[in-house]
Amino acid sequence: MGRFVQVNVTTQNLAKVAPKVPLAKTYYDGKECWQYKVVYDRPGTYTFTVPANAICARTVIVGGGGKPVCTNGNCCGFAGAGGGYSDKCHAVTAGATTFTINVGRQSQDSSVSCN
């Protein structure tokens, strides 16, 4: 999931709608510090370019967790591990910074990298 802050706008012309991003869910919530949200929640690899007027972006990654372990045909033996969590803020260049997002399936790695 990515979040970014727009700057250089006044309250009169602030876009209250998150920009459309292919293959992602987008949200605007004026009550939060990170008002614009872009969410990738389906397994796959995606590229996100930071929109105009943004000066920073926050990435949050939550892993899918592990699968339960079956023993002797009994899947109630051991529960799977919870997914990992990572949260980071990035200084960005609007229109020039891109993030590559890899959303893994259960028991696979998820990652975010930026140029």
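Here, the structure is the one placed above.
Note that the structure is a prediction, hence the values are computed from the model and not measured. (Residues numbered from 1 in each chain as written. Predicted model: local features only at pLDDT ≥ 70, side-chain atom pairs only at ≥ 80, totals over all residues. Heavy atoms only, no water.)

Undergrad: Outline the nonpolar core, listing residues and values.
TA: Grouped together as the largest cluster of nonpolar side chains are 13 residues, with contacts concentrated most on V21, V38, Y40, F48, V50, F99 and I101. Of all elements in the fold, only β4 (44-49), β5 (54-62) and β9 (98-103) reach the threshold of two or more residues within this core. Here this core gets three residues from one element, more than from any other, and that element is β9. Ignoring sequence-local partners within four residues, the contact set of F99 consists of Y46, T47, F48, V50, A57, T59, H90, V92, V112, S113 and C114. (Core = buried A, V, L, I, M, F, W, Y, C linked by side-chain atoms within 4.5 Å. Buried < 20%, exposed > 50% of the residue type's maximum accessible area, 1.4 Å probe, protein only. Helix = DSSP H or I, 4+ residues; strand = E, 2+ residues; numbered from the N terminus. Contact = heavy atoms within 4.5 Å.)

Undergrad: Explain the packing of aromatic side chains to me, and be specific about the residues and the numbers.
TA: On inspection of all chains with the given rule, the structure shows two aromatic pairs. Measuring from ring centre to ring centre gives 5.0 Å for Y28 and Y36, while their planes differ by 55°; the resulting arrangement is tilted. Residue Y28 is classed as partly exposed on the basis of its relative accessible area of 23%. Under the relative-accessibility criterion, Y36 is labelled buried at 1%. (Phe/Tyr/Trp six-rings, centres within 6.5 Å; stacked < 30°, edge-to-face > 60°.)

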